[in-house]
Amino acid sequence: MKALKIVLLIFLAINLSCKDEPVVDTSQEETSISTFYLIRHAEKNRNNPDDSDPELNQKGLGRAMHWAEILADTELNAIYSTDYNRTAMTAAPTSVKQNIDVQYYDPSTIDIAQFKSDNLNSNVLIVGHSNTTPEFVNKLIDEQKYFDIDDSENGTLFIVKIINGISSVEKLIFNCNCPD
């Protein structure tokens, strides 16, 4: 009987030690992080109501430089702007400061999936308008969350982070004490 117990214990010990251990994959999946900074163009010159493509006014030029300072510590990989004077002029100081050429986009024809893919793992500045900027944010986060920016508001910054396909967004307002 004692011999049977010993054989049984040995059998159990061998059986337990030979069980397949679950294989744990220690290689980490690569994390993808894309960050999009979306702003509306700075204050435009409103002297000529018939001008559909005005430049920035003095306060707008100051705000454009202010955006470049705000984004100075953010290493951008790309800068996009609609093809209008006011948006290009808003993007220009950041473009110069970070030595990045501005790429022009058409918000009405943008393929958002391709845009996300092209800018995967990048920090991107996008300059648009009071209607196109919140619309672009909504496309990036795949949700109808934001609406047109008030025409008098030029200091809104949306920060959209997409981490492994999951998006989050912050909306900040920056005041600019720039001279008129």
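The model shown is predicted, which means the values in this text are computed figures rather than measured ones.

Conventions we followed
- Residues numbered from 1 in each chain as written.
- Predicted model: local features only at pLDDT ≥ 70, side-chain atom pairs only at ≥ 80, totals over all residues.
- Heavy atoms only, no water.
- Helix = DSSP H or I, 4+ residues; strand = E, 2+ residues; numbered from the N terminus.
- Expected span 1.5 Å × (residues − 1).
- Buried < 20%, exposed > 50% of the residue type's maximum accessible area, 1.4 Å probe, protein only.
- Contact = heavy atoms within 4.5 Å.
- Polar contact = N/O pair within 3.5 Å; in protein donor to acceptor, adjacent residues only side chain to side chain.
- Salt bridge = Lys/Arg side-chain N within 4 Å of Asp/Glu carboxyl O.
- Pairing = 2+ DSSP bridges.
- Axes fitted to C-alpha atoms, helices over the stretch in contact; angles between N-to-C directions.
- Core = buried A, V, L, I, M, F, W, Y, C linked by side-chain atoms within 4.5 Å.

(A) Quick peek at helix H2 (residues 58-70). A rise of 1.5 Å per residue sets the reference length of H2, with its 13 residues, at 18 Å; its end C-alpha atoms lie 18 Å apart and thus fit the reference within 8%. By the burial criterion, the buried members of H2 are Gly60, Gly62, Arg63, Ala64, Trp67 and Ala68. Contacts from the buried residues of H2 go to strand E1 (33-40), helix H3 (85-98) and strand E5 (156-163). Two or three places before Lys59, at the opening of H2, Asn57 has a side-chain oxygen 3.1 Å from that residue's backbone nitrogen.

(B) How the structure looks around the pattern of salt bridges. Counted according to the given criterion, the structure contains 6 salt bridges. Arg86 is the salt-bridge partner of Asp53, the closest N and O atoms lying 3.9 Å from each other. Here Asp53, found in the loop between E1 and H2, pairs with Arg86, found in helix H3; they are 33 residues apart in sequence, far enough to count as distant. Judged by relative accessible area, Arg86 falls into the buried class, the value being 9%. Here Lys97 makes a salt bridge to Glu69, at a shortest N to O gap of 3.0 Å. Taken as a pair, Lys97 in helix H3 and Glu69 in helix H2 lie far apart in primary sequence, 28 residues in all. On the basis of relative accessibility, which here comes to 45%, the residue Lys97 falls in the partly exposed class. Salt bridges linked by common partners bring Arg40, Arg46 and Asp151 together as one network.

(C) Spotlight on the sheet that holds strand E4 (residues 123-128). With respect to topology, 6 strands assemble into an open sheet ordered E3-E2-E4-E1-E5-E6, the strand pairing being mixed. The outermost strands of the open sheet, each flanked by one partner alone, are strand E3 (102-104) and strand E6 (166-173). Pairwise comparison of adjacent strand axes, ignoring direction, gives a mean angle of 20 degrees for this sheet. Across 4 bridges, the pairing between strand E2 (residues 78-81) and E4 is parallel. Along E4, the bridge assignment pairs Tyr80 with Ile126. With respect to the sheet, H3 is in contact with E1, E2, E3 and E4, its orientation differing from that of E2 by roughly 165 degrees. Where helix H5 (residues 132-141) meets the sheet, it contacts E1, E4, E5 and E6, and its direction lies at approximately 165 degrees from that of E1.

(D) Structural detail: the nonpolar core. Of all hydrophobic cores here, the largest spans 19 residues; its most connected members are Phe36, Leu38, Phe115, Ile126, Phe136, Val137 and Val160. Of all the elements in the fold, those that place two or more residues in this core are E1, E2, E4, H5 and E5. For this core, the element with the most residues is H5, which contributes 4 residues. Setting aside residues no more than four positions away along its own chain, Phe136 makes contact with Leu38, Tyr105, Ile110, Ile112, Phe115 and Ile126.

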